[in-house]
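Below are the chains, spelled out letter by letter.
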There are 2 protein chains.
Amino acid sequence: MTQQMNVGLLGLGTVGTGVLEIIEQHQDKLAHQIGARVEVQKILVSTLDKDRGEHIDRAKLTDRVEDILTDDSIDVIVEVMGGIEEARNYIHKALEHGKHVVTANKDVMALYGSELLQLANEKKCDLFYEASVAGGIPILRTIVEGLASDRITKIMGIVNGTTNYILTQMSKEGRIYEEVLKEAQALGYAEADPTSDVEGLDAARKIAILGTLGFSMRLDLDDVSVQGISNVTSQDLAYGDQLGYTMKLVGIANRDGDKVEVSVQPTLVPHSHPLASVDDEFNAVYVYGEAVGETMFYGPGAGKLPTATAVVSDLVEVLKNKRLGVNGNSAVIPQFEKLLKTDDEIRSKYFLRIHAKDIPGTFAILTALFHEHHISLEKILQVPLNEGKLAEIIVVTHEVTKLDYAAVIDRLNEEDVVVEIKSSYRAEGDN
Amino acid sequence: MTQQMNVGLLGLGTVGTGVLEIIEQHQDKLAHQIGARVEVQKILVSTLDKDRGEHIDRAKLTDRVEDILTDDSIDVIVEVMGGIEEARNYIHKALEHGKHVVTANKDVMALYGSELLQLANEKKCDLFYEASVAGGIPILRTIVEGLASDRITKIMGIVNGTTNYILTQMSKEGRIYEEVLKEAQALGYAEADPTSDVEGLDAARKIAILGTLGFSMRLDLDDVSVQGISNVTSQDLAYGDQLGYTMKLVGIANRDGDKVEVSVQPTLVPHSHPLASVDDEFNAVYVYGEAVGETMFYGPGAGKLPTATAVVSDLVEVLKNKRLGVNGNSAVIPQFEKLLKTDDEIRSKYFLRIHAKDIPGTFAILTALFHEHHISLEKILQVPLNEGKLAEIIVVTHEVTKLDYAAVIDRLNEEDVVVEIKSSYRAEGDN
């Protein structure tokens, strides 16, 4: 047990500090698993003279990435600096130098994952990124290893804690979106500019990563159809609840045969679905495999220690592989050609809420329209509004194609009895 | 890719057939992962001339275990025959012959796991048993690998599908225990002799295995305090529901400092707890780690393909290790000395339902008794019964020691105003 393995850490923010702490506090446990001591040898920071407290060995700090990339004693680079272009550049260079990489960077992996994994493969290097999706849940490893002899056909993920917190508050307390968002910002759950979270972009990056792994098919961010939660109203949630659904921002990747669909949108899931009870800032990833059936993995999606723990788990794998001389075998290069479903192949249920004139024959006109577009209805709720002048009509359809649904929405918009289409959401079945 | 790795299969029942099917149907995928072909070379069956359909190669069948154990071309033994003594004996012999073992046998692992893991360690053999706990959930691997740099302090598992199905039916449909059990037997969800399931023994075996791994401490079946569900009434469930709880049969392993407690009992978990919404025959294991916080893994607990999938996942690991020349490193030998909490150290909330005389002063007598035993109450519900002659009193305590709680129960039994203690259950907090 005299061997020592050296790590270069890029970034010493919240996660970087957590990684340092875990490595220091679990020295013996890590050595027991790996058969070698782990030492963080050098740390890249942007400002050398910042006060970082007593416990950081200042001699390890550097503001020149080359000090780390060209240090032959360093086996693995851990990238926890965040950002996109610079991080991508450093990961690229690290792999070029034959160093293994662990990253927590979902942005880089969603945008440049394929290119970097390809390079890692060529260089026989490991590139692990468990922490990039739902930090507290070992979901990537589970998909790759645990379900190794299965065929995954569906992944549904609540993979953004901020939006799940907002929707939970709106749904449980009947509060309005703007108010909850402000509170979340005050509490530090949401960024000052919340766009990436509330418009679904963060979740889109993660479902692209999950879909790529689960289906072994290169899925880019551009392949993900994205809709955020900023237009969701408490009324939508209340009506959804009445019809047996809970609203969640769900990243969905599903496949039929060789073709896949990847999307993120506010989705109504039945109360009985395991995702329905994932509340507050928690994340969960639901995976359907042909052999295993339904499984779900639940945990914190972010946070210093969950994310740092995922990073250290990856680091342990890389170091074990290094000792075994098998690095680079685990870099999973997509095997299948990308085949995206077209709108006439994407099937789903929908929740639709419209305001219509409350006159005789309105509902007959609407049902005729649905029928014309091959859409049958599973649930219908009608409520009088404005002293009977308007009718609030909520329907949940059976499964229809995205194409047919879009067509019926166009027709409803033209239809005279329809005053306004208030909202429209995807809805999921019982599994 | 010309190398071939040979497997000896012990047992060709439901799971064995599933293992065969998965290996045959995923030949390419397995070869891609392992770098070698996997072939089931020999299969131990009890009756050679039974009709098994066209797809089984009869030349592979044998009724003599020695044919398999002494075959030098066989690398790994997969034990899916069930039973206890014979299976233990064969696993023992296989390890003695230097063969790696994958088993789905929770009984053998709960009773003889320590001895067999010790032997595997000596022989530098792998002994994997993912399928022995919650077949469809890769929970053992997750505990060992995913949470490698964490310290687990609590494991709570719904690890028996039969009892979870029964409790779900009782709770959601208000049906009585005997009726649901009969139905479950008719549907094949419960055995003709349901004792092992409904009395909590099956769950006890699994929580012993989970606790042993999670705490790295040898926990035997005898260390588990066990209570089954056969006395649970729909009334208990209804009152629990009213107070915000769902009843589940929960295996609990927790540790404070160096001391642990392992138990299985019907437990009231708050509606907001992730375990509360695990319904029907599904299993889930909730793990609390100091770094990661709350995580939960949900999936099918049994079934041909989920169990077979877990077996094949283990098999893949063993074969990869074999190719890497690192078998035997993963056999996890408990590191810590067993230290069980005594009754004055085991702390929990309790739900208590009693019938008392509805006379002035009754409640004052009861509260004085609780107070005397250092028990404070979190929730109280009182309902008049029998036209006011009796009072049904339900309380949920704050956390108390098992010792104090047992003492107050003794005193309540002697107390004149108490007509009957109807039921008493453990209750859990919000996490």
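Figured I'd write up the structure that's included with this text. What you are looking at is a predicted structure, and each value in this text was computed from that prediction instead of being measured.

1. Details of the sheet that holds strand E3 (residues 61-62) of chain A
Residues and elements named next belong to chain A. If you walk across this open sheet you meet the six strands as E3-E2-E1-E4-E5-E6, and the pairing is parallel. Each edge of the open sheet carries a strand with a single partner, namely E3 and strand E6 (127-128). Two strands pair when backbone bridges link them, and strand E5 (residues 100-103) and E6 are joined in this way by two bridges, in the parallel orientation. Its bridge partner lying in E6, Val 101 is registered against Leu 127.

2. Topic: helix H13 (residues 362-372) of chain B
Residues and elements named next belong to chain B. Among all positions in H13, only Thr 362, Leu 366, Leu 369 and Phe 370 are buried. All buried residues of H13 project into a common sector of 100° when viewed along the axis, lining one side. Of the exposed residues in H13, the ones pointing more than 90 degrees away from its buried face are Ala 364 and His 371. Buried residues along H13 sit in contact with strand E13 (347-357), strand E14 (377-385), strand E15 (390-397), helix H14 (402-414) and strand E17 (418-427). Within two residues after H13, His 374 carries a phi angle of roughly 60°, on the positive side.

3. Some points on the sheet that holds strand E1 (residues 4-10) of chain B
Residues and elements named next belong to chain B. Taken in spatial order, the six strands of this open sheet run E3-E2-E1-E4-E5-E6, and their pairing is parallel. Of all strands in the sheet, those with a lone pairing partner are strand E3 (61-62) and strand E6 (127-128), marking the two edges. Helix H1 (residues 14-25) contacts E1 and strand E2 (37-44) of the sheet and is inclined by roughly 155° relative to E2.

4. Considering the pairing of E13 of chain B
For a regular strand, the rule is simple: side chains alternate between the two faces of the sheet. All names here are of chain B. Most of E13 sits out of view: nine of its 11 residues are buried. Here E13 pairs with strand E16 (residues 400-401) via two bridges, running antiparallel. Across the sheet, Arg 347 pairs through a bridge with Thr 401, a residue of E16. Pairing geometry for E13 and E17, over eight bridges, is antiparallel. Each residue of the ladder has a partner; that of Ala 356, found in E17, is Val 418. Sheet analysis places E13 next to E15, joined by seven bridges and oriented antiparallel. Bridge pairing in E15 links Leu 352 to Val 395.

5. Brief notes about the packing of helix H7 (residues 161-173) of chain A against helix H8 (residues 177-187) of chain A
Residues and elements named next belong to chain A. Running from N to C, H7 and H8 point in directions that differ by 130°, and their axes come no closer than 9 Å. It follows that H7 is oblique to H8 by the angle criterion. Relative to H8, H7 is oriented so that their crossing is right-handed. Within the contact between the two elements, H7 uses Tyr 165, Ile 166, Gln 169 and Met 170 and H8 uses Tyr 177, Val 180, Leu 181, Glu 183, Ala 184 and Leu 187.

Calculation criteria
Residues numbered from 1 in each chain as written. Chains lettered and ligands numbered in written order. Predicted model: local features only at pLDDT ≥ 70, side-chain atom pairs only at ≥ 80, totals over all residues. Heavy atoms only, no water. Pairing = 2+ DSSP bridges. Helix = DSSP H or I, 4+ residues; strand = E, 2+ residues; numbered from the N terminus. Buried < 20%, exposed > 50% of the residue type's maximum accessible area, 1.4 Å probe, protein only. Arc of directions from axis to C-beta. Contact = heavy atoms within 4.5 Å. Axes fitted to C-alpha atoms, helices over the stretch in contact; angles between N-to-C directions. Parallel < 35°, antiparallel > 145°, perpendicular 65-115°, else oblique. Left-handed = near helix turned anticlockwise from the far one by under 90°.

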